[in-house]
Amino acid sequence: ETSETTEATTTNTQGTTENVETTETEETTTELSGASLAKFEFGDNGEAKHYDGSEMKDSSASYTENGYTLTFTSFSKVYVKAKDAVGNSALKIGTSSVVGSFEFVVGDNVNSVVLKIAKYKDYDTVININGTEYTLTKNSNDGEYDIITIDTSTNKKITFESVKTGKRCMIDSIEFKG
């Protein structure tokens, strides 16, 4: 098993810089924020070509992993089975004319949520998670993703939206940490 430690910096629009150190192995990603409880990925990797996927149409959509369930509610313009330019499976959020959004709630033992997220292609993208805006730096053309960790030790609800019309994003995975 090989591992690599990297450091990423994310700057939100309030000017606050967050440093996140990650260690990646072939089997898991471990952050300093706790043990991995469940990692949700959205489809199978495939052809190295952007694909926008198909829009979620039901009133909720659920994914189960390792005994944990991620249920999206109150969502708009969320696309499943999308692919980035190198073929990684992802959720695409938003369209060229409408912002995308979703909500979900985590269980009591989930202390943080880690999102691997990139701007769509190379469009400048700002997202809002629980009232904090983040400017994305990685883009889906390269198959690279920013890592954003949200503290859920007291607020168990995640509210997400792309901020500006036409500025979409792609989510490679959502991970629950305990």
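The coordinates are above.
Owing to the predicted nature of the structure, the values given are computational and were not obtained by experimental measurement.

**Q** What is the right way to look at the sheet that holds strand 7 (residues 68-76) in this model?
**A** Strand order across the open sheet formed by six strands is 6-7-10-15-12-13, with antiparallel pairing between neighbours. Two strands close off the open sheet at either side, each with one partner strand: strand 6 (60-65) and strand 13 (132-135). Within this sheet the neighbouring strands show an average axis-to-axis angle of 25 degrees, counted without direction. As defined by bridge partners, strand 12 (residues 126-129) adjoins strand 13 across four bridges and the pair is classed as antiparallel. In the sheet register, Ile-129 faces strand 13, and the bridge partner there is Thr-132.

**Q** Please clarify how the packing of aromatic side chains should be interpreted in this entry.
**A** The relation between two aromatic rings is expressed through the spacing of the ring centres and the mutual angle of the planes. Within this structure, the stated rule accounts for 11 aromatic pairs. Centre to centre, the rings of Tyr-63 and Phe-72 are 6.1 Å apart; their planes meet at 85 degrees, and the pair counts as edge-to-face. A relative accessible area of 0% means that Phe-72 is categorised as buried. Residues Phe-102 and Phe-160 carry aromatic rings whose centres are separated by 4.7 Å and whose planes lie at 5 degrees to one another, so their mutual orientation is stacked. Within this pair, whereas Phe-102 is found in strand 10 (residues 101-105), its partner Phe-160 is found in strand 15 (residues 157-162), the two being separated by 58 residues in sequence. Put simply, the rings of Phe-40, Phe-42, Tyr-63, Tyr-68, Phe-72, Phe-102, Phe-104, Phe-160 and Phe-176 pair up and form one aromatic cluster. The cationic tip of Lys-92 hangs over the ring face of Tyr-79; the distance from NZ or CZ to the ring centre is 4.5 Å. In this structure, Lys-92 packs its charged tip against the face of Tyr-120, placed 5.5 Å from the ring centre.

What counts and what doesn't
Residues numbered from 1 in each chain as written. Predicted model: local features only at pLDDT ≥ 70, side-chain atom pairs only at ≥ 80, totals over all residues. Heavy atoms only, no water. Pairing = 2+ DSSP bridges. Helix = DSSP H or I, 4+ residues; strand = E, 2+ residues; numbered from the N terminus. Axes fitted to C-alpha atoms, helices over the stretch in contact; angles between N-to-C directions. Phe/Tyr/Trp six-rings, centres within 6.5 Å; stacked < 30°, edge-to-face > 60°. Buried < 20%, exposed > 50% of the residue type's maximum accessible area, 1.4 Å probe, protein only. Lys NZ or Arg CZ within 6 Å of the ring centre and 35° of its normal.

Purely geometric stuff here, so don't read any function into it on its own.
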